[in-house]
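Fold and contact review
So you can see what is in the structure, the chains are spelled out below.
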Amino acid sequence: MFNALVVEKDDDGKTHAAVRQVAADDLPEGQVMVAVEYSTLNYKDGLCIGPGAGLVRAWPHVPGIDFAGTVEQSADSRYRPGDKVVLTGWRVGETRWGGYAQKARVDADWLIPLPDGLTTRQAMAVGTAGLTAMLAIAALEDRGLDKADGPVLVTGAAGGVGSVATALLAARGYEVAAVTGRPEMAGYLHALGAATIVAREDLAEVTRKPLESETWAGCVDTVAGAMLGRVLKQMKYGASVAAVGLAGGAVIEGALITPFILRGVSLAGIDSVMQPLGARQRAWQRIADDLPLDKLEDMIRPATLADLPDLGAEILKGRVRGRVVVDVNA
Ligand code: NDP
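Residues numbered from 1 in each chain as written. Predicted model: local features only at pLDDT ≥ 70, side-chain atom pairs only at ≥ 80, totals over all residues. Heavy atoms only, no water.

Overview of unusual backbone geometry
Glycine aside, residues mostly have negative phi, and peptide bonds are mostly found in the trans state. Cis rather than trans, the peptide bond between tryptophan 59 and proline 60 has omega equal to -5°. Considering the arrangement of structural elements, one finds proline 60 in the loop between α1 (43–49) and β4 (66–74). Its identity as a non-glycine residue notwithstanding, tryptophan 90 has a phi of 60°, on the positive side. Inspection of the secondary structure puts tryptophan 90 in the loop between β5 (84–88) and β6 (103–106). Non-glycine residue arginine 91 carries a positive phi angle of around 65°. With respect to the helices and strands, arginine 91 occurs in the loop between β5 and β6. In this structure arginine 91 comes out as partly exposed when scored by relative accessible area, which is 31%. (Helix = DSSP H or I, 4+ residues; strand = E, 2+ residues; numbered from the N terminus. Buried < 20%, exposed > 50% of the residue type's maximum accessible area, 1.4 Å probe, protein only.)

Pasting the structure below:
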């Protein structure tokens with residue numbers, strides 16, 4: 001038996017999460033059993049701990065969309081007991097049991113070996129959020145973004161994806177403008193490498209203007225909603241936005257077609273969940289090579305399995321800073 005954060009749903013549709021003992025026989029089928037060391041809290045985990053009916057298919061459920069640990073048993077020749085591995089995505093923690101447990105069983109195809117230069121804890125400080133941030137930056141660079149082009153905007157900057165995007169862009173030599181709704185995060189964001197702080201309210205209003213001054217050379221957008229509508233109109237000619245999430249809402253409003261037609265702006269959608277093995281491994285190695293580990297340490301908020309019900313509610317309110325790293329054995 002081992003510990004897991006188990007979420008159950010009652011007849012009224014309310015979810016209840018608590019640390020319980022579960023058996024290895026309860027785990028889903030899969031070729032590789034992993035002794036989990038660290039997992040993290042992402043926005044989707046908040047949904048799966050709380051009102052997650054749309055993501056979760058069966059109850060009881062163990063959330064945790066990413067984890068890192070050591071292979072304990074393997075029926076796949078690519079992995080042997082003792083190997084360090086990382087998992088992000090593939091709907092683990094959503095439609096099947098995930099990383100909020102001391103053991104997890106998954107398909108071998110979903111794992112990658114721990115990238116060189118990272119510990120399991122550092123890999124989870126990066127986690128799904130960091131992989132997504134790197135994929136977003138790569139998408140902007142593939143569309144021509146260069147350091148000399150001018151400031152790159154990061155929205156939801158104090159959140160998980162935003163924090164890693166800010167630190168990675170700054171480490172790669174970009175001038176980062178970090179948008180936050182929390183003025184008290186300015187010091188934190190400057191320490192991650194942001195050159196300027198933009199107040200969320202300055203971009204919150206929906207305007208009828210078809211275009212605004214050309215300001216941003218690129219954007220990693222984690223919030224969508226009204227803010228994305230404003231940001232699109234402020235992009236420089238030919239610039240791109242990498243849209244990652246919708247923490248600020250799913251509806252984009254405003255005179256939206258003009259930036260695409262009159263400025264050649266492009267919008268890249270980023271999905272880290274189904275990234276094929278090769279692309280995932282390359283993105284992880286770029287993170288390990290580029291991300292200053294002292295900055296990574298600044299982003300970490302340590303947590304235990306028992307802390308997750310409260311933290312899950314916090315992340316849905318946009319109140320978590322940086323990356324919550326869960327030591328499942330603490
Ligand atoms: P976090 O909650 O850690 O960060 C989101 C941040 O957005 C908050 O910290 C806050 O930043 C800002 N924010 C929250 N509410 C609003 C609002 N109403 N208006 C404007 N800004 C707001 O979440 P993550 O960083 O983990 O995830 C961000 C989004 O990206 C989520 O929608 C998530 O589902 C998605 N995502 C997508 C992935 C993919 O593969 N496409 C992978 C990972 C995440 P601040 O206080 O600084 O303003």
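Observations concerning the site of the ligand
Neighbouring residues of the ligand: 28 residues in total, closest Thr180, Gly181, Arg182, Ile270 and Ser272. One nitrogen or oxygen atom from the main chain of glycine 160 is found 2.8 Å from an oxygen atom belonging to the ligand. The contact in question runs from an oxygen atom of the ligand to an N or O atom on the backbone of alanine 247, over 3.4 Å. Relative to its unbound accessible surface of 920 Å², the ligand loses 88% to contact with the protein. Those elements that place two or more of their residues in the shell around the ligand are α2 (120–142), α3 (160–171) and β9 (176–180). Across the shell around the ligand, the residue classes break down as 13 nonpolar, 12 polar and three charged. Two domains each donate at least three residues to the shell around the ligand, and these are domain 1 (2–114 + 296–327) and domain 2 (127–269). (Near = heavy atom within 4 Å. Polar contact = N/O pair within 3.5 Å; in protein donor to acceptor, adjacent residues only side chain to side chain. Areas by Shrake-Rupley, 256 points an atom, 1.4 Å probe, with all protein chains shown as cover. Nonpolar A, V, L, I, M, F, W, Y, C, P; charged D, E, K, R; others polar. Domains from an automatic or database assignment.)

Remarks on the pairing of β5
Across the five residues that make up β5, a large majority, four, are buried. Of the pairings in the sheet, the one linking β4 to β5 comprises five bridges and is antiparallel in character. Residue pairing for β5: threonine 70 is matched across the bridge by lysine 84. Of the pairings in the sheet, the one linking β5 to strand β7 (residues 111–113) comprises three bridges and is antiparallel in character. When the sheet's bridge partners are listed, leucine 87 is paired in β7 with leucine 111. (Pairing = 2+ DSSP bridges.)

Examining the packing of α2 against α3
A pair of packed helices is characterised by two quantities: the angle between their axes and the separation of those axes. With their axes 8 Å apart at the nearest point, α2 and α3 run at an angle of 50° to one another. It follows that α2 is oblique to α3 by the angle criterion. Crossing of α2 against α3: the hand is right-handed. Between α2 and α3, the residues in contact are Ala129, Gly130, Ala133, Met134 and Ile137 and Gly160, Val161, Val164, Ala165, Leu168 and Leu169, respectively. (Axes fitted to C-alpha atoms, helices over the stretch in contact; angles between N-to-C directions. Parallel < 35°, antiparallel > 145°, perpendicular 65-115°, else oblique. Left-handed = near helix turned anticlockwise from the far one by under 90°. Contact = heavy atoms within 4.5 Å.)

Details of a nonpolar patch on the surface
A cluster of nonpolar residues, Ile257, Ile261 and Leu262, forms a patch on the protein surface that exposes about 340 Å² of accessible area. Residue class for leucine 262 comes out exposed when judged on its relative accessible area of 52%. (Patch = residues over 30% accessible without salt bridge, like charges linked within 9 Å, V, L, I, M, F, W, Y side chains within 5 Å. Salt bridge = Lys/Arg side-chain N within 4 Å of Asp/Glu carboxyl O.)

Looking at the pattern of salt bridges
In total, this model carries 14 salt bridges according to the counting rule given. The shortest N-O distance in the salt bridge between lysine 44 and glutamate 94 comes to 3.2 Å. Linking lysine 44 in helix α1 with glutamate 94 in the loop between β5 and β6, this pair joins segments that are 50 residues apart in sequence. For lysine 44, a relative accessible area of 25% corresponds to the partly exposed category. What makes glutamate 94 buried here is its relative accessible area of 4%. One continuous salt-bridge network, built from bridges that share partners, spans Glu141, Arg172, Arg286 and Asp290.

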